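Chain residues, written in single-letter form:
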Amino acid sequence: MNTHRIAPVLVLLACGGSTKPAPVAAPAAAEEAGPTADEAKAFADGAEARLLELWKGSEGAHWTLATDITDAHAEAAAKADEAVMAAMSEIVPGAARFDGVEGLDADTARKLALLKRSTTLPAPADATKRTELAGIMTKIAGMYGKGKHCTDPEDESTCRDLGALEKVLSDSTDPAVQLEAWQAWRTVSPDMRADYARFVELGNEGAKEIGYTDLGDLWRSGYDMPSSEVRTEVDRLWGQMQPLYEQLHCYVRAELNDQYGDDVVDPAGPIPAHLLGNMWAQDWSYLYPQLEPFKGHASLDVDQALADQDWDHIQMVKTSEAFFTSIGLDPMPETFWERSMFVKPEGREVECHASAWDVEWNDDQRIKMCIRQNYEDLTVIHHELGHNYYNHYYVGLPPLYRNGAHDGFHEAIGDAVVLSMTPGYLEQIGLAENVQSDDKAVINDQMQRALGNVAFLPFGMLVDRWRWDVFDGSISPEEYNAGWWKLRTELQGIGAPGDRTEAHFDPGAKYHIPGNTPYLRYFFAQVLQFQLHQAMCEASGHEGPLHTCSVYGSEAAGEPMKKLLSMGSSKPWPDALEAATGSRQMDATPLVTYFAPLQGWLEEQNQGRTCGW
Ligand code: X8Z
Ligand code: ZN
């Protein structure tokens, strides 16, 4: 299980390669004399081979479950997870026995380090607790996947699932109707609360057993820097971008206040969470028609174009793939087209949250989505293919290296391509016409993008801020919801609509919480995608401002991308970032530079307004 599938309940790594299981413990004789470098190498290679088999089993079981949620499939997935966790309980302490051994070759040293941080959920060594933990995880993930709200629980026809409720939020402009849908989705999560608290206990116990202070400490240890420095790194990057976010927030709030009045939107307070067009207020793009800076001026309506030309899901995926091949990357394997789940099937429950997989660990690329005919899903397809391309280009590496340079890189690949979907590109592929490039068109275009990328930033940060606090006990189970809303308000400037109490469990209504997928990756990915875009633009010979660049059709632009992808996690991430971009640091300058025209425009609009909340 790995970062290329986005439901990594247990393990951060992608896998494949050698298949021979090997003993995991260092030989007893070695202990007396002190373990040697050769023994360390044998251990790392053996652990890798053993994990490969287990990961394959788990990946297959999870694919089956996610595409057909049944009790039997949940049980099989839980069993597969249990087997991975049992092996991890041996492997991680086994790897730690080689700490300080001298003369390790670079690969063995790297693999041992990766082994120690290669799980997102270590179980306690106690087998009963392990079974309990695996059961809880498949149970709450299933509650999310099957979640629906029924006005009459006896009558299926009164039920609405997440997709239906999201559509109300994005399409309606009636706050009462939106609020009702927002609240309805949050009826799926209160029942997860007790299980979630138990998961925290067991996960922390497992993390402590393998040498971490808690689960959050383990998650923060995945960035080739001391885990204690990750918070500072996040703060540094957020500091670069915060002024831009605050300007956007200020403008959006003022516009919504104009539209709905003081009773609905406090002109000086947080924006109520149900008004932003997205179930989690993490992406505000659906508000674009209401917020368009220069109304009717050269705006793009890709949703309309997709509908008018009746693009089906295959055309949408083919078009996304064609972008990647245009920059010199390989086509997806034939099996991708045969084995993927592109649309929501009839007659069975599936997990619609989009994900990308290499189920058999041998370039068995697949995506699982419930594709809708709209621009949002066109971008999500690119996002998922970015995962598939990573999987594809590192498939020849040893199993432990089949992963992103860090998890944020895996999330950034497809999104970097989306930055090249400029109005000019959309015109080239027939989804826009009469595109203009004057200042007003630029501001319109930037507004549309900022409502996605910039609005997302504090959300990308806060999901794991909440979990870190939950894992280290600063937020107790009695304060789960209050802690969530405190962060939402402080960081995002988004407020709870109506009374949210501890009878609710609003974090559980976000996929990655019951799915136990770390979220900081998406924050880092926002920063990295602009760095990568900039590097690809430079490689393509682009001249002019960053926001005018599309690398579509430039094989030269594919080179830095391929370099990054084919390194996997074989080297610390600064090496991979340097190979692709020349920089060894995550840096939000390209993002801020990209949005400079919009930021200037927002500052003018917001003059005389009190910003902040
Ligand atoms: O979960 C995802 C992807 C799969 S890795 C669809 N994303 C986050 C989310 O939906 O919350 C992409 C953006 C952030
Ligand atoms: Zn992703």
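Placed above this text is the structure.
Residues numbered from 1 in each chain as written. Chains lettered and ligands numbered in written order. Predicted model: local features only at pLDDT ≥ 70, side-chain atom pairs only at ≥ 80, totals over all residues. Heavy atoms only, no water.

### As for the coordination of the zinc ion (ligand 2)
Next up, step 1: His-383 (NE2), His-387 (NE2) and Glu-411 (OE) make up the full set of protein donors to the zinc ion (ligand 2), lying at 2.0 to 2.1 Å.
Next up, step 2: Classification of the site at the zinc ion (ligand 2) rests on its four donor atoms, whose angles at the metal span 89 to 131°, yielding the label tetrahedral.
Next up, step 3: Within one chain, the residues donating to the zinc ion (ligand 2) are spaced in sequence as H-x3-H-x23-E. With a gap of four residues between them, His-383 and His-387 both fall in helix α15 (residues 375–393), about one helical turn apart. When sorted by exposure, His-383 lands in the same class as His-387, which is buried. (Donors = N, O, S within 2.8 Å, 3.2 Å for Na, K, Ca; no water. Tetrahedral: all angles 85-135°; square planar, octahedral: opposite > 155°, others 65-115°. Helix = DSSP H or I, 4+ residues; strand = E, 2+ residues; numbered from the N terminus. Buried < 20%, exposed > 50% of the residue type's maximum accessible area, 1.4 Å probe, protein only.)

### Focus on the layout of surface pockets
Next up, step 1: Taken as a whole, the second largest pocket holds about 300 Å³ of empty space.
Next up, step 2: If you trace the second largest pocket, you find 20 residues lining it, with Ser-299, Leu-300, Asp-301, Ala-432 and Glu-433 closest to the centre.
Next up, step 3: Among the secondary structure elements, those contributing two or more residues to the lining of the second largest pocket are α12 (302–308) and α18 (439–471).
Next up, step 4: With four residues, α18 is the single largest residue contributor to the lining of the second largest pocket.
Next up, step 5: Looking at the lining of the second largest pocket, its residues break down into nine nonpolar, eight polar and three charged. (1 Å grid on protein atoms, 1.4 Å probe; cavity = no way out; pocket = protein on both sides within 12 Å on 5 of 7 lines; lining within 4 Å. Points joined across faces, edges and corners; volume = space filled by probe spheres on them. Nonpolar A, V, L, I, M, F, W, Y, C, P; charged D, E, K, R; others polar.)

### Let's talk about the state of the cysteines
Next up, step 1: The final tally for this structure, using the stated rule, is four disulfides.
Next up, step 2: Across the disulfide, Cys-352 is cross-linked to Cys-370 (sulfur-sulfur distance 2.0 Å). One disulfide, between Cys-352 and Cys-370, carries an S-S torsion of -80° and so falls in the left-handed class. Of the two residues, Cys-352 is situated in the loop between α14 (334–339) and β4 (355–358) and Cys-370 in the loop between β5 (365–368) and α15; the sequence distance between them amounts to 18 residues. (Disulfide = S-S within 2.5 Å.)

### A short note on the packing of helix α2 (residues 37–66) against helix α3 (residues 71–96)
Next up, step 1: α3 packs onto α2 with a crossing angle of 165° between their chain directions and a minimal axis gap of 8 Å. Judged by the angle between their axes, α2 and α3 are roughly antiparallel. By crossing handedness, the relation of α2 to α3 is classed as left-handed.
Next up, step 2: Among the residues forming the contact of α2 with α3, the class breakdown is 17 nonpolar, six polar and three charged. (Axes fitted to C-alpha atoms, helices over the stretch in contact; angles between N-to-C directions. Parallel < 35°, antiparallel > 145°, perpendicular 65-115°, else oblique. Left-handed = near helix turned anticlockwise from the far one by under 90°.)

### Some details on the packing of aromatic side chains
Next up, step 1: Under the definition given, this model contains 39 aromatic pairs.
Next up, step 2: Ring geometry for Phe-323 versus Tyr-552: centroids 5.3 Å apart, planes at 45°, classification tilted. Separated by 229 residues along the polypeptide, Phe-323 in helix α13 (residues 313–326) and Tyr-552 in the loop between α20 (520–540) and α21 (555–567) bring together distant segments of the chain.
Next up, step 3: Among the residues examined, Phe-323 registers a relative accessible area of 0% and is labelled buried.
Next up, step 4: Its end group placed over the ring of Tyr-401, Lys-111 keeps NZ or CZ at 5.8 Å from the ring centre.
Next up, step 5: The ring of Trp-63 carries Arg-366 above its face, with NZ or CZ at 4.9 Å from the centroid. (Phe/Tyr/Trp six-rings, centres within 6.5 Å; stacked < 30°, edge-to-face > 60°. Lys NZ or Arg CZ within 6 Å of the ring centre and 35° of its normal.)

### Quick look at the side chain of Lys-111
Next up, step 1: Positionally, Lys-111 belongs in helix α4 (residues 106–116).
Next up, step 2: Residues in contact with Lys-111, not counting those within four places in the same chain, are Ala-44, Asp-45, Glu-48, Pro-398, Leu-400 and Tyr-401. (Contact = heavy atoms within 4.5 Å.)

### Here we look at unusual backbone geometry
Generally, phi is negative for residues other than glycine and the peptide bonds are trans, each holding for most cases.
Next up, step 1: Of note, the phi angle at Asp-224 is positive, near 50°, even though the residue is not glycine.
Next up, step 2: Mapped onto the secondary structure, Asp-224 falls in the loop between α9 (215–220) and α10 (230–260).
Next up, step 3: Its identity as a non-glycine residue notwithstanding, Ala-281 has a phi of 55°, on the positive side.
Next up, step 4: Following the sequence through the fold, Ala-281 ends up in the loop between β3 (271–272) and α11 (288–291).

### Considering the pattern of salt bridges
Next up, step 1: Enumeration over the complete set of coordinates arrives at 30 salt bridges.
Next up, step 2: Close ionic contact of Glu-205 with Lys-129 constitutes a salt bridge, the shortest N to O distance being 2.7 Å. Residue Glu-205 is located in helix α8 (residues 193–209), and its partner Lys-129 is located in helix α5 (residues 127–145); the two are separated by 76 residues in the primary sequence.
Next up, step 3: Among the residues examined, Lys-129 registers a relative accessible area of 25% and is labelled partly exposed.
Next up, step 4: When salt bridges with common partners are traced through the structure, they connect Lys-41, Asp-45, Glu-48 and Lys-111 into a single cluster. (Salt bridge = Lys/Arg side-chain N within 4 Å of Asp/Glu carboxyl O.)

### Let's talk about the environment of Gly-277
Next up, step 1: Here Gly-277 is to be found in the loop between β3 and α11.
Next up, step 2: Once the C-alpha coordinates of Gly-277 and Glu-166 are considered, the two residues, 111 residues apart in sequence, prove to be 8.0 Å apart.

### Structural notes on the nonpolar core
Next up, step 1: Of all hydrophobic cores here, the largest spans 175 residues; its most connected members are Tyr-196, Phe-199, Leu-248, Val-252, Trp-284 and Trp-466.
Next up, step 2: Those residues within four positions of Trp-466 in sequence are excluded, and the remaining contacts are Tyr-196, Ile-475, Tyr-480, Gly-483, Trp-484, Leu-487, Phe-505, Pro-507 and Ile-513.
Next up, step 3: Judged by nonpolar contacts, the second largest core, of six residues, contains Ala-61, Ile-69, Ala-77 and Ala-80. (Core = buried A, V, L, I, M, F, W, Y, C linked by side-chain atoms within 4.5 Å.)

### Topic: helix α22 (residues 573–581)
Next up, step 1: Looking at α22, one finds that the buried residues are Trp-573, Pro-574, Ala-576, Leu-577 and Ala-580. End-on view of α22: buried residues confined to an arc of 160°, all on one side of the axis.
Next up, step 2: Contact partners of the buried residues in α22: α16 (407–418), α20 and α21.
Next up, step 3: At the exit of α22 stands Gly-582, carrying a positive phi of roughly 85°. (Arc of directions from axis to C-beta.)

### Description of a negative patch on the surface
Next up, step 1: A cluster of acidic side chains, namely Asp-152, Glu-154, Asp-155 and Glu-156, defines a negative patch on the protein surface.
Next up, step 2: Residue position: Glu-154 is located in the loop between β1 (148–150) and β2 (159–161). (Patch = residues over 30% accessible without salt bridge, like charges linked within 9 Å, V, L, I, M, F, W, Y side chains within 5 Å. Areas by Shrake-Rupley, 256 points an atom, 1.4 Å probe, with all protein chains shown as cover. Lys, Arg positive; Asp, Glu negative; His and termini not counted. Charge placed at Lys NZ, Arg CZ, Asp CG, Glu CD.)

### Points about the pairing of β4
On any regular strand, side chains alternate: one points to one face of the sheet, the next to the other face.
Next up, step 1: The two faces of β4 match: Ser-355 and Trp-357 on one face and Ala-356 and Asp-358 on the other face are all buried.
Next up, step 2: Relative to β5, β4 runs antiparallel, the two being bridged by four bridges. Across the sheet, the residue bridging to Asp-358 is Gln-365, located in β5.
Next up, step 3: The loop that links β4 with its antiparallel partner β5 comprises six residues; one of these, Trp-361, has a positive phi angle of about 65°. (Pairing = 2+ DSSP bridges.)

### A look at the environment of Leu-256
Next up, step 1: Its location among the elements puts Leu-256 in helix α10.
Next up, step 2: Look at Leu-256 and you get buried, because its relative accessible area is 0%.
Next up, step 3: Linking Leu-256 and Asn-374, residues 118 residues apart in sequence, is a C-alpha distance of 24 Å.
Next up, step 4: Setting aside its immediate chain neighbours within four residues, Leu-256 contacts Gly-261, Val-265, Ile-271, Leu-275, Leu-276, Leu-287 and Gln-290.

Don't take any of this as a statement about function, it's just geometry.
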